[in-house]
Amino acid sequence: GAGVSQSPRYKVAKRGQDVALRCDPISGHVSLFWYQQALGQGPEFLTYFQNEAQLDKSGLPSDRFFAERPEGSVSTLKIQRTQQEDSAVYLCASSLEEWAYNEQFFGPGTRLTVL
Amino acid sequence: DQQVKQNSPSLSVQEGRISILNCDYTNSMFDYFLWYKKYPAEGPTFLISISSIKDKNEDGRFTVFLNKSAKHLSLHIVPSQPGDSAVYFCAASANTNAGKSTFGDGTTLTVKP
C-alpha cells in the first residue's frame with residue numbers, strides 16, 4: 001500500500017518568503033508527527049497530532065512555525081518569513097495508534113533551502 | 001542538552017562480522033526505545049524496538065540490548081551484510097509524553113564486502 005508522502009520534495013525559498021509543506025499520512029493512521037532534521041543530526045521533534053487535535057507543539061522553534069491537520073488526515077506545516085536557519089529536511093511521520101510506542105512510518109522529507 | 005546520544009558518528013565492519021551500534025540516554029523517564037535505519041534521500045524506517053521491562057529483543061539478524069542502570073542500549077547486527085550500510089538512529093519515548101520521540105544524531109554503518 002501507499003506510504004507516507006510529502007510534497008514538495010525540494011523547496012528553495014528566499015529569506016522572508018512564506019512556505020507550506022504538505023504531508024499525506026498512511027490512510028487510517030491516527031498519529032502524525034513533524035520533525036526537523038539539520039545536516040548531520042537526528043530528527044528533532046516539532047509537533048504531534050492525534051487525529052485533528054494538535055496535542056504537542058513544544059518543538060516548534062518560533063511562532064513563525066504553524067502546523068494544522070484540520071480533517072485528521074493531510075497535514076500542512078507552514079513557515080512564515082523564512083530565515084536561513086530554517087534550512088533543513090522536514091520529515092513527516094504517521095503511526096497507527098496514539099502512542100509513540102508504536103513504530104512511526106516516515107515520508108521521504110522535504111528539503112527546504114532558504115537563500 | 002542532548003538526551004539521546006550516539007557517540008560514534010561512523011562504524012565500518014567487514015561483511016559477515018558483527019556490527020554493534022551504541023546509544024546512551026540521560027532521561028530516566030524514557031521507557032521505550034526504537035532503532036530506525038535510513039538510506040540517503042529516504043525517510044527513516046523502523047527496525048526494532050524494546051520496552052524498558054525487557055533487557056533484550058531479537059528479530060532475525062537484529063538484537064537490541066538494554067542496560068537500564070547504565071542508561072545504555074546497543075543494536076547488534078549478525079551477520080552484517082553490505083545492504084545494511086545506512087545511517088542508524090536510536091530513539092526514545094516516555095510514557096508521560098507519549099507523542100514525542102527523541103532521536104540521537106545517528107551512526108553511519110558501512111559494511112564492506
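Residues numbered from 1 in each chain as written. Chains lettered and ligands numbered in written order. Predicted model: local features only at pLDDT ≥ 70, side-chain atom pairs only at ≥ 80, totals over all residues. Heavy atoms only, no water.

1. Quick look at the sheet that holds strand β3 (residues 19–24) of chain A
Residue and element names in this part refer to chain A.
Now for step 1: Read from one edge to the other, the open sheet built from 4 strands follows the order β1-β3-β8-β7, with strand pairing classed as antiparallel. Of all strands in the sheet, those with a lone pairing partner are β1 (5–7) and β7 (65–68), marking the two edges. The sheet shows a mean angle of 15 degrees between the axes of neighbouring strands, direction not considered.
Now for step 2: Summarising the sheet, β3 and strand β8 (residues 75–79) pair through 5 bridges and their orientation is antiparallel. Residue pairing across strands places R22 opposite T76, the latter belonging to β8. (Pairing = 2+ DSSP bridges. Helix = DSSP H or I, 4+ residues; strand = E, 2+ residues; numbered from the N terminus. Axes fitted to C-alpha atoms, helices over the stretch in contact; angles between N-to-C directions.)

2. Describing the environment of G28 of chain A
All names here are of chain A.
Now for step 1: Following the sequence through the fold, G28 ends up in the loop between β3 and β4 (31–37).
Now for step 2: A relative accessible area of 59% places G28 in the exposed class.
Now for step 3: As for G28 and S73, which are separated by 45 residues in sequence, their C-alpha atoms are 7.9 Å apart. (Buried < 20%, exposed > 50% of the residue type's maximum accessible area, 1.4 Å probe, protein only.)

3. As for the pairing of strand β5 (residues 44–50) of chain A
Residues and elements named next belong to chain A.
Now for step 1: Counting buried residues in β5 gives 5 out of 7 residues, a clear majority hidden from the surface.
Now for step 2: Of the strand pairs in this sheet, β4 and β5 are connected by 6 bridges, and their pairing is antiparallel. Looking across to β5, one finds that F33 is bridged to Y48.
Now for step 3: The antiparallel pairing of β4 with β5 creates a hairpin that spans 6 residues between the two strands, and G40 there sits at a positive phi of about 80 degrees.
Now for step 4: Pairing of β5 with strand β6 (residues 53–56) involves 3 bridges; the strand directions are antiparallel. Considered in β6, the bridge of F49 is made with Q54.
Now for step 5: Remark: 2 residues form the turn of the hairpin made by β5 and β6, two consecutive strands paired antiparallel; N51 in that turn has positive phi of roughly 55 degrees.

4. A short note on the packing of aromatic side chains
Now for step 1: Counted by the stated rule, this structure contains 13 aromatic pairs over all chains.
Now for step 2: The interplanar angle of 20 degrees and the centroid separation of 4.9 Å between the aromatic rings of F33 of chain A and Y48 of chain A together place this pair among those described as stacked. Of the two residues, F33 of chain A sits in strand β4 while Y48 of chain A sits in strand β5, which places them 15 residues apart along the sequence. Pair check on accessibility: F33 of chain A and Y48 of chain A agree, each one buried.
Now for step 3: By the ring-pair criterion, three or more aromatic residues cluster together here, those being F33, Y35, F45, Y48 and F106 of chain A together with Y36, F46, F89 and F103 of chain B. (Phe/Tyr/Trp six-rings, centres within 6.5 Å; stacked < 30°, edge-to-face > 60°.)

5. Let's talk about the sheet that holds strand β1 (residues 4–5) of chain B
By definition, the strands of a sheet pair up through backbone hydrogen bonds, in either a parallel or an antiparallel sense.
Residues and elements named next belong to chain B.
Now for step 1: The strand order β1-β3-β8-β7-β6 describes an open sheet built from 5 strands, whose pairing is antiparallel. Strand pairing shows two members of the sheet lacking a second neighbour, β1 and β6 (56–59), which therefore form its edges.
Now for step 2: With 2 bridges connecting them, β1 and strand β3 (residues 19–25) associate as antiparallel partners. Paired with V4 across the strands is Y25, a residue of β3.

6. Some points on the interface of chain B and chain A
Now for step 1: Counting residues at the interface gives 22 residues for chain B and 22 residues for chain A.
Now for step 2: Interface area for chain B against chain A, summed over the two sides, is near 1,700 Å², with a carbon-plus-sulfur share of 58%.
Now for step 3: Between chain B and chain A we count 0 salt bridges in total.
Now for step 4: At the boundary of chain B and chain A, one finds 4 residue pairs in polar contact (both at pLDDT 80 or more).
Now for step 5: Counting residues per element, the ones that place at least two in the side of chain B that touches chain A are β4 (30–38), β9 (86–94) and β10 (97–103) of chain B.
Now for step 6: Among the residues making up the side of chain B that touches chain A, the classes are represented as 10 nonpolar, 7 polar and 5 charged. (Contact = heavy atoms within 4.5 Å. Buried area = accessible area lost by both parts, 1.4 Å probe. Salt bridge = Lys/Arg side-chain N within 4 Å of Asp/Glu carboxyl O. Polar contact = N/O pair within 3.5 Å; in protein donor to acceptor, adjacent residues only side chain to side chain. Nonpolar A, V, L, I, M, F, W, Y, C, P; charged D, E, K, R; others polar.)

Any functional reading would require information beyond the geometric quantities listed.
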